[in-house]
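# Topology and contacts: notes
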Amino acid sequence: MAKAISARALRKVYPGNPPVEALGGVDVEISDNEFFTLLGPSGCGKTTILRLIAGFEHPTSGTLEMFGQSLLDLPPFKRQINTVFQSYALFPHLTVAQNIGFGLEMLGKPKSEIKATVAEMMELVQMTEMADRQTSQISGGQQQRVALARALAPRPKILLLDEPLSALDFKLRKNMQLELKRLQTETGITFIFVTHDQEEALTMSDRIAVMSNGAIRQIGTPRDIYDHPADRFVADFIGDTNFLDAEVTGTQGEEVTLKLSSGASLHTRADGGSRGRVTIAIRPEHARLVRENEGLLSGTLGEVVYFGTDTHFHVALDDGTAFVLRQQNGPEAANGFAGGDRVGIAFPGAVAQVLRD
Ligand SMILES: Nc1ncnc2c1ncn2[C@@H]1O[C@H](COP(=O)(O)OP(=O)(O)OP(=O)(O)O)[C@@H](O)[C@H]1O
């Protein structure tokens, strides 16, 4: 089946002096009914991809298709794509119901159809009771719901969401994350979501594309990206990570033997010809603090920081590298280690990710 979106070598250079290459030739396929997130730091080109899909900008080169049809010569209003922006852009003097129905009126839909769709959309975003309130008289979270309902009302094939939750406070943002996921599942519409917030991306997405500098570094499920980051940028950008130098001393099929700076050896999986000196990544929650000489690494325990649900242990390894461990606190939390102690660090070889540069 044709993909909802299929882009090949998609490149965008904004003219100027000097010109800015916002996308340097991106390949991406997004499936129908997928919650797909573009994640990356400010300026990496996320919004540019949305603007090309919406038709607000034209690519410099490359191909861009929607359900198998080229978008390159299709004007924005013919694309059956809607966008929800960070600023909700509602009409403050119109009511909730009038705002939701606005796009349908513009499309010249019959009154009875508009009434039914608006009622359905208000139900979907749980705003039925506020139908007659002006949008200047509802909260930020409620305005966000109305903006979503308005964008969903014409039943677009694809909904683009450009950092739609960033203006909301922490608690409301958490609730809206669940809400957005529910809306996507219930409507079956393909959502393409832009954020620089890794947690938001991990909790909502079917798949994530991690971007930097106008390129996609890795595409995968939240679990893939977190557990198997392809390179140092992705490992660093998503969650907290310890980086260690290691040397590949042997290869057996997909397994490599690594030697750490401590002299200890371990086996792990590595995709494709890793050899020589490499960097490995280990998540703080995948390692355990043990007695000196009982682990793969040893060092001196520095700060111990209590976070309620877990405790972070900062260790200075004997080669000078900093290493952080995170252990969940249980009823018998005390583990007998204190700052200044000599300690060991243990972890199963399989959790060590060999990174591309
Ligand atoms: N109209 C424009 N003219 C010139 N340069 C632009 C234009 N729009 C974006 N850029 C540049 O293109 C690059 C990518 O911008 P883009 O808005 O796609 O990034 P982003 O990842 O969405 O960032 P943010 O998270 O800050 O919105 C940036 O360097 C930006 O300064």
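By the naming in an unreviewed UniProt entry, the chain goes by Spermidine/putrescine import ATP-binding protein PotA and is assigned to Sulfitobacter sediminis. In its Sequence similarities (unreviewed entry) section, the UniProt record describing the chain reads: "Belongs to the ABC transporter superfamily. Spermidine/putrescine importer (TC 3.A.1.11.1) family." Turning to the chain, the UniProt record has this under Function (unreviewed entry): "Part of the ABC transporter complex PotABCD involved in spermidine/putrescine import. Responsible for energy coupling to the transport system."

## Description of the pairing of strand 17 (residues 310-317)
With six bridges connecting them, strand 16 (residues 297-306) and strand 17 associate as antiparallel partners. For Leu301, the partnering residue across the bridge sits in strand 17 and is Val315. Between the end of strand 16 and the start of strand 17, which pair antiparallel, lie three residues, with Gly308 showing a positive phi angle near 85°. The pairing of strand 17 with strand 18 (residues 322-328) spans seven bridges and is classified as antiparallel. Counted as the bridge partner of Ala316 is Ala322 from strand 18. Between the end of strand 17 and the start of strand 18, which pair antiparallel, lie four residues, with Gly320 showing a positive phi angle near 100°.

## Comments concerning the site of the ligand
The local shell around the ligand holds 13 residues, among which Tyr14, Ala22, Ser42, Thr47 and Thr48 are the closest. Broken down by secondary-structure element, the contributors of at least two residues to the shell around the ligand are strand 2 (20-30) and helix 1 (46-54). In terms of residue count, the dominant contributor to the shell around the ligand is helix 1 (three residues). Of the residues contributing to the shell around the ligand, the split by class is four nonpolar, eight polar and one charged.

## With respect to unusual backbone geometry
A cis geometry characterises the amide bond from Asn17 onward to Pro18, with omega recorded as 0°. The backbone of Asn33 shows a phi angle near 70°, a positive value even though the residue is not glycine. For Asn33, the position within the fold is in the loop between strand 2 and strand 3 (35-39). For Asn293, which is not glycine, the phi torsion reads 75° and is therefore positive. Tracing the backbone through its elements, the reader meets Asn293 in the loop between strand 15 (288-291) and strand 16. Residue classification places Asn293 among the exposed residues on the basis of 8 C-beta atoms within 10 Å.

## Description of the UniProt feature "domain: ABC transporter" (unreviewed entry) in the chain
When the UniProt feature table is mapped to this numbering, "domain: ABC transporter" (unreviewed entry) covers residues 5-238. Span residues 5-238 is 36% helix and 26% strand, its end C-alpha atoms 25 Å apart.

## Concerning helix 4 (residues 140-152)
A rise of 1.5 Å per residue sets the reference length of helix 4, with its 13 residues, at 18 Å; its end C-alpha atoms lie 18 Å apart and thus fit the reference within 8%. Helix 4 sits mainly inside the fold: ten of its 13 residues count as buried. Here helix 4 has its buried residues at Gln143, Gln144, Arg145, Val146, Ala147, Leu148, Ala149, Arg150, Ala151 and Leu152. On its buried side, helix 4 packs onto strand 6 (81-84), helix 2 (96-106), helix 3 (111-124), strand 7 (158-162) and helix 5 (170-187).

## Description of the sheet that holds strand 2
Two modes of strand pairing occur in sheets, parallel and antiparallel, and in both the strands are linked by backbone hydrogen bonds. Taking strand neighbours across the sheet as the criterion, the four strands line up as 2-1-4-5 in an open arrangement whose pairing is antiparallel. The open sheet has two edge strands with one neighbour each: strand 2 and strand 5 (69-70). Sheet analysis places strand 4 (residues 61-66) next to strand 5, joined by two bridges and oriented antiparallel. Bridge assignment links Met66 to a residue of strand 5, and that residue is Gln69.

## Quick look at the environment of Ser31
Structurally, Ser31 is set in the loop between strand 2 and strand 3. C-alpha of Ser31 to C-alpha of Arg207: the two residues are 176 residues apart in sequence and 9.9 Å apart in space. Those residues in contact with Ser31 that lie beyond four places of it in its chain are Lys3 and Ala4.

## Remarks on the packing of helix 2 against helix 4
One can describe the packing of helix 2 onto helix 4 by two numbers: an axis separation of 7 Å at closest approach and a directional angle of 30°. Regarding the angle of helix 2 to helix 4, the classification is roughly parallel. As helix 2 packs across helix 4, the resulting crossing turns out to be right-handed. On the side of helix 2, the interface is formed by Val96, Asn99, Ile100, Phe102 and Gly103, while helix 4 contributes Val146, Ala149 and Arg150. A breakdown of the residues in the contact of helix 2 with helix 4 according to their chemical character gives five nonpolar, two polar and one charged.

## What to know about the environment of Arg155
Note on placement: Arg155 falls in the loop between helix 4 and strand 7. In this structure Arg155 comes out as partly exposed when scored by C-beta crowding, with 14 C-beta atoms within 10 Å. For the pair Arg155 and Thr117, spaced 38 residues apart in sequence, the C-alpha separation works out to 9.6 Å.

Here is what the cut-offs are and how they apply
- Residues numbered from 1 in each chain as written.
- Predicted model: local features only at pLDDT ≥ 70, side-chain atom pairs only at ≥ 80, totals over all residues.
- UniProt positions renumbered as here; feature names shortened; annotations may be inferred.
- Pairing = 2+ DSSP bridges.
- Helix = DSSP H or I, 4+ residues; strand = E, 2+ residues; numbered from the N terminus.
- Near = placed C-beta within 6 Å.
- Nonpolar A, V, L, I, M, F, W, Y, C, P; charged D, E, K, R; others polar.
- Buried ≥ 20, exposed ≤ 12 C-beta atoms within 10 Å, placed from the backbone.
- Expected span 1.5 Å × (residues − 1).
- Contact = placed C-beta atoms within 7 Å.
- Axes fitted to C-alpha atoms, helices over the stretch in contact; angles between N-to-C directions.
- Parallel < 35°, antiparallel > 145°, perpendicular 65-115°, else oblique.
- Left-handed = near helix turned anticlockwise from the far one by under 90°.

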